[in-house]
Amino acid sequence: MNVDLHTHTYPASGCSRISHRDYIGWCVDNAVAAVALTNHGDISDNLSLRPALAAEGVLLIDGVEISTLFGDFVVFSPDLDYLGTLRDVQEAPHPEAIPGDAAVVWVHPAAGGGRSGSAYYPGIESMVAGAVHAVEVFNGSWLDRQYVTGAEEIAASLGVARTGGSDAHRPEQLMTCYTELPDPITSTADVVSALRRGLTIPHRRRVAAPRRRFRLF
Ligand SMILES: [Zn+2]
Ligand SMILES: [Zn+2]
C-alpha cells in the first residue's frame, strides 16, 4: 500500500492551508486508502478527522512532528495519549524514552529543523543514533539533489529504513512523495512495525518543478 507519511492540516498546523474539508475531499477524489496526519505537536486534527475519514473508507495513520536541536522528527504511535505529550519544539528523542509501540522518522534531515531553526551538520547522526527507526529521503519540499543525497547517506550510515512523504501544506502537494508499505496496512501499529522492520520503499512522483519555492516544513 502506498501511503503519504507526512502531511499537515489547518488548524492543528497553523502553517498549513489544507482545511479538513480539503483533506477529506482530496483523499476521496484520489481513492486514498490510508494517509498519515503529522501535525506540529498537535493531535487535535487527528481526533476530529478520524471519524470523517473512516466514513469515506480512509484509514488515518497517527503521527506528530517535533522540531529539535538536531532537526525534525515525525513520531508514529497508535497511543494518542503518548503522541499528545509531544510538543512542536522540544528536546530530541532519547532511545530509552521511545515506547516500543512507536517509531521515529527523521524527516528532511539535511534541511535542518523547521520550527527549531537548527541546521544539519555532518556527524549529527551520532547524536540521534538509536532513537531513529527511519529517515525520510524524499520530502516534497526538499527534493533538490543535495537534500535527497544527504538523506540517503544519513539513512545508510544509521542502517535504518527509508521513507517518502509530501510534507504537504497545500492540497495539491499531497502524495507528491509517499512510502510503499507491505500489505496489509490496517492501523498505525502496522506502519510502526513496517518502519521498525525496515520494510518501507520511498517514492517520489515525477512532476514539473514548481515555479516558486515555499520554505515550509
Ligand atoms: Zn519539518
Ligand atoms: Zn512537516
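See above for the structure.
Conventions used here
Residues numbered from 1 in each chain as written. Chains lettered and ligands numbered in written order. Predicted model: local features only at pLDDT ≥ 70, side-chain atom pairs only at ≥ 80, totals over all residues. Heavy atoms only, no water. Buried < 20%, exposed > 50% of the residue type's maximum accessible area, 1.4 Å probe, protein only. Helix = DSSP H or I, 4+ residues; strand = E, 2+ residues; numbered from the N terminus. Arc of directions from axis to C-beta. Contact = heavy atoms within 4.5 Å. Axes fitted to C-alpha atoms, helices over the stretch in contact; angles between N-to-C directions. Parallel < 35°, antiparallel > 145°, perpendicular 65-115°, else oblique. Left-handed = near helix turned anticlockwise from the far one by under 90°. Salt bridge = Lys/Arg side-chain N within 4 Å of Asp/Glu carboxyl O. Pairing = 2+ DSSP bridges. Expected span 1.5 Å × (residues − 1).

Asks: Got a sec to walk through helix α6 (residues 188–196)? Specific residues and values, please.
Replies: By the burial criterion, the buried members of α6 are Thr188, Val191, Val192, Ala194 and Leu195. Looking down the long axis of α6, one finds its buried residues gathered within 165° of arc, a one-sided arrangement. For α6, the elements touching its buried residues are β3 (59–68), β4 (71–76), β5 (103–107), β6 (134–139) and β7 (161–165). Downstream of α6 by one or two residues, glycine 198 has phi in the positive range, about 70°.

Asks: I'd like to hear about the packing of helix α1 (residues 20–29) against helix α2 (residues 44–55), residue by residue, with values.
Replies: One can describe the packing of α1 onto α2 by two numbers: an axis separation of 11 Å at closest approach and a directional angle of 40°. Taken as axis vectors, α1 and α2 run oblique relative to one another. The handedness of the crossing between α1 and α2 comes out as right-handed. Every residue of α2 that contacts α1 at His20, Tyr23, Ile24 and Cys27 is listed here: Asp45, Ser48, Leu49, Ala52 and Leu53.

Asks: How would you summarise the pattern of salt bridges if you had to cite specific residues and measurements?
Replies: Scanning the entire structure with this criterion turns up four salt bridges. Across the pair arginine 162 and glutamate 152 runs a salt bridge whose closest N-O atoms are separated by 2.9 Å. Residue arginine 162 is located in strand β7, and its partner glutamate 152 is located in helix α5 (residues 145–158); the two are separated by 10 residues in the primary sequence. Relative accessible area serves as the criterion here: at 30%, arginine 162 is assigned to the partly exposed category. Given the relative accessible area of 25%, glutamate 152 is considered partly exposed. For glutamate 172, the salt bridge is made with arginine 170, and the minimal N-O distance between the two is 3.1 Å. Here arginine 170 falls in the buried class, since its relative accessible area comes to 18%.

Asks: Kindly report on the sheet that holds strand β1 (residues 2–3), identifying the contributing residues and their values.
Replies: Spatially, the three strands line up as an open sheet ordered β1-β8-β9, and their pairing is antiparallel. At either end of the open sheet lies a strand with only one pairing partner, and these are β1 and β9 (201–204). The pairing of β1 with strand β8 (residues 177–180) spans two bridges and is antiparallel. Within the sheet, the bridge partner assigned to asparagine 2 lies in β8 and is glutamate 180.

Asks: Just give me the short version of α5, but keep the residues and values in it.
Replies: With 14 residues, α5 extends 20 Å from end C-alpha to end C-alpha; this agrees with the ideal 20 Å at 1.5 Å per step. The complete set of buried residues in α5 reads Tyr147, Val148, Gly150, Ala151, Ile154, Ala155 and Leu158. Projected down its long axis, α5 carries its buried residues within an arc of 165°, all on one side. The exposed residues of α5 that point more than 90 degrees off its buried face are Arg145, Gln146, Glu153 and Ala156. Tucked into the core, α5 has its buried residues touching β5, α4 (125–128), β6, β7 and β9. Just downstream of α5 lies glycine 159, where phi reads positive at about 70°.

Fair warning: the whole summary comes from geometry, so function is off the table for now.
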